[in-house]
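What follows is each chain in one-letter form.
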Amino acid sequence: MIKSELVLKIAEQNPHLYQRDIETVVSAILDTIADALARGDRVELRGFGAFSVKKRDARSGRNPRTGATVAVCEKNIPVFKTGKEMRKRLNLSAPGAENGDSTG
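Described in the following lines is the structure provided in the data block.

Each value, and the rule that gives it
Residues numbered from 1 in each chain as written. Predicted model: local features only at pLDDT ≥ 70, side-chain atom pairs only at ≥ 80, totals over all residues. Heavy atoms only, no water. Pairing = 2+ DSSP bridges. Helix = DSSP H or I, 4+ residues; strand = E, 2+ residues; numbered from the N terminus. Phe/Tyr/Trp six-rings, centres within 6.5 Å; stacked < 30°, edge-to-face > 60°. Buried < 20%, exposed > 50% of the residue type's maximum accessible area, 1.4 Å probe, protein only. Lys NZ or Arg CZ within 6 Å of the ring centre and 35° of its normal.

Relative to strand β2 (residues 49-56), strand β1 (residues 43-45) runs antiparallel, the two sharing three bridges. Each bridged residue has a counterpart across the sheet, and for L45 the counterpart in β2 is G49.

With that out of the way, let us pick up the packing of aromatic side chains. Taken as a whole and judged by the stated rule, the model has two aromatic pairs. Judged by centre distance (5.4 Å) and plane angle (55°), the ring pair of F48 and F80 falls under tilted. Placement of the pair is F48 in the loop between β1 and β2 and F80 in strand β5 (residues 75-82), with a sequence separation of 32 residues. Since its relative accessible area comes to 36%, F48 is described here as partly exposed. Both rings, one in F51 and one in F80, keep their centres 4.8 Å apart while their planes meet at 50°; by these two values the pair is tilted. Of this pair, F51 sits in strand β2 while F80 sits in strand β5, and the two are 29 residues apart along the sequence. Note on F51: relative accessible area 21%, which makes it partly exposed. An aromatic cluster of three or more residues is present, and its members are F48, F51 and F80. Cation over ring: R20 sits above Y18, and NZ or CZ is 4.6 Å from the ring centre.

Note that every value here comes from positions in space, so none of it alone points to a role or purpose.
Right under this line is the structure:
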């Protein structure tokens, strides 16, 4: 699902709201999450998951075309970890799901 599809889905579920207002709210939420991650903060949405930033150290890489060794700088990457309720929802139809998930 892309952002415009999300806006349309919310608009279908809330016909009393204008689509442009929904788009503004969705953009504001996503921008706020991105700003928090840029500051190095963690964003947790209970029941859904948590966004955080992880630092990757500098390393030596390889150019796949030439095989030459290249230096890869350290960088920060966004990480998403699903919440417990989300994991349960995703694994409802999985074999053994009715016995509980022993992985976390």
